[in-house]
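# Coordinate inspection notes
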Amino acid sequence: MKTIILGLLLLGAGGVAVGQTVAPKPAVAVPAAAPTLADLKKQFETAMRDAQKANREALKNLRQLYSDNLAKLQAELQAKGEMQVVLTIRDEKARFEQAGDIPPAALVTEPAALRKAQDDWNASCQQAPVAQAQKLVGLSEKYMQQLAQLQKSLTAKNDQEGLKAVNEETDRLLGNNVIREALALVKAAKPATPEKVATPAPVKPEPAKTEATTPVKAEPAKLVEVGAYKFYPTGKEPAAKDLRDQRLEYPTAERRNSAYFYMLSAKVYFDKAKMSGDKHNYTYYSTKIEAGDLVTFPRVTLASRNKEIPEGGKLVIQYFSRHITKLTDVREERVEHITLPLIARGQSLTVDGQGISLSKSDRHDSDGYRVRSGREYYGIVLTVADADDKIIIQQCSPSSLIKSCSTTIPPAKEQGAGTSAPNRARN
């Protein structure tokens, strides 16, 4: 009996009677773990890669849009029977699909619809790098704020090791060349804001400063000679046969930002004066032989869009060749340094490089026998740097040479003697 009474007293004091419903205790919210430096760094790097990928897709879409516009324009004018205009548009479409850009030399005056399409393309190309730079700057500023917040939290915990890691990451962020270039691009593209006058006192007006985004009517370019090189106003360079457009690629997404300020384009042409051909007829077969030295010259156009190319800078041309039968045997043949004159905003100059000479031999027999030897032109890397050797624009052709694009200026190198293997004898 005493045991039962004691049990009832315990239930009344703190227990639960039989049949009584127990109310669940409210769950205690567990605070989410604060992101670590590794978490923030991973988020930032992922966001930067995504932004650069989106930029590449946007540029690809711009190229496709221009090509589609030309096809539509060609169809419209073809229906009207305007053959000469249709041929002009058709040629431009083929040129653009090969080169992927519109250099100053390719701009037309007629037809007006084609020139408008070209101007729209160039305007879009100037806006795209700025939009990309704004994205990168925005992501970087957000990351910098997150690092500052993490630094504050670690300071409160007196986590000296963590603070050191955050400080190192902040220094890395502030020293990142991609971000620095993006900041410079955003700053240059930002329109000037009028300064507020503190007092109503009359002030003699000063000439307005020209900003990077203000259209500039440049003085006509003139022929300039620097050392052994002649820089021609684009469109007035000497005629050359069989000029082949080189589709230039940027080695990295950040290098593409330079397109807002400058533009490069290139063509190559070949001198076959040292090539010879011969044909022999025998009883049962005939042989045709072509052998000698083929000289390849690059023709490079440098255009200043929104920032001048400084006097005393360099155009560096790296020449590459490949074995005529071993297509993966690619090597650098020569590095040519060309000192640049001043190219003012809105101007464009064209210069011919000294090129490379490569020996090759090609023998065809009527019975299907063939022997090929020697090397042939493969491509170029073009780098423009200022007088302090700081790279301001860099492109290459073909894209497989991206791995040969350096972050520093390669030293000049003369071409070695070319060689070609002798023909195999036939009995």
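Let me begin by describing the structure that accompanies this report. If you're wondering where the values come from, they're calculated on a predicted model, not measured in any experiment. (Residues numbered from 1 in each chain as written. Predicted model: local features only at pLDDT ≥ 70, side-chain atom pairs only at ≥ 80, totals over all residues. Heavy atoms only, no water.)

Turning to the overall build of the protein chain, a few remarks are in order. For the protein chain, the helix and strand inventory stands at 6 helices and 12 strands. Here the protein chain, with 427 residues, has 38% of them falling under the buried criterion. A fraction of 69% describes how many contacts in the protein chain between residues 6 or more apart in sequence connect residues 24 or more apart. (Helix = DSSP H or I, 4+ residues; strand = E, 2+ residues; numbered from the N terminus. Buried < 20%, exposed > 50% of the residue type's maximum accessible area, 1.4 Å probe, protein only. Contact = heavy atoms within 4.5 Å.)

The element strand 12 (residues 391-397) is largely enclosed, with a buried count of 7 among its 7 residues. Looking at chain direction, strand 11 (residues 370-385) and strand 12 are connected through 6 bridges and run antiparallel. Bridge pairing in strand 12 places Leu382 opposite Gln395. (Pairing = 2+ DSSP bridges.)

Applying the stated criterion across every chain yields a total of 7 aromatic pairs. With a centroid separation of 5.4 Å and 25° between ring planes, the pair formed by Tyr269 and Phe297 is classed as stacked. Placement of Tyr269 in strand 4 (residues 262-271) and of Phe297 in strand 6 (residues 286-304) is noted, with a sequence separation of 28 residues between them. Taking the centre distance of 6.4 Å and the plane angle of 70° together, the rings of Phe270 and Tyr377 count as edge-to-face. With Phe270 in strand 4 and Tyr377 in strand 11, this pair connects stretches of sequence that are 107 residues apart. Here Phe270 matches Tyr377 in class, with each residue buried. A network of ring pairs unites the aromatic residues Tyr66, Phe96 and Trp121 as a single cluster. The ring of Phe261 is capped by Lys307, whose NZ or CZ atom sits 4.3 Å from the centre of that ring. (Phe/Tyr/Trp six-rings, centres within 6.5 Å; stacked < 30°, edge-to-face > 60°. Lys NZ or Arg CZ within 6 Å of the ring centre and 35° of its normal.)

A few words now on the nonpolar core. Among the nonpolar cores identified, the biggest contains 53 residues, and Leu302, Leu315 and Val384 are the most heavily contacted of them. In terms of residues, this core owes the most to one element, helix 4 (residues 112-156), which gives 8 residues. Setting aside residues up to four positions removed in sequence, Leu315 forms contacts with Val300, Leu302, Glu336, His337, Ile338, Leu340, Val351, Thr383 and Val384. Counting residues in hydrophobic clusters, the runner-up holds 18 residues, among them Leu70, Val85, Ile89 and Ala117. (Core = buried A, V, L, I, M, F, W, Y, C linked by side-chain atoms within 4.5 Å.)

Under the criterion given, the structure shown has 15 salt bridges. The residue Asp352 makes a salt bridge to Arg299 at a minimum N-O spacing of 2.8 Å. Of this pair, Asp352 sits in strand 9 (residues 348-352) while Arg299 sits in strand 6; the two residues are 53 residues apart in sequence, bridging distant segments of the chain. Residues Arg375 and Glu333 are paired through a salt bridge, measuring 3.5 Å at the closest nitrogen-oxygen approach. Note that Arg375 is positioned in strand 11 and Glu333 in strand 8 (residues 330-339), a separation of 42 residues in sequence. Each of Asp329, Arg331, Glu333 and Arg375 takes part in salt bridges that share partners, so that together they form one network. (Salt bridge = Lys/Arg side-chain N within 4 Å of Asp/Glu carboxyl O.)

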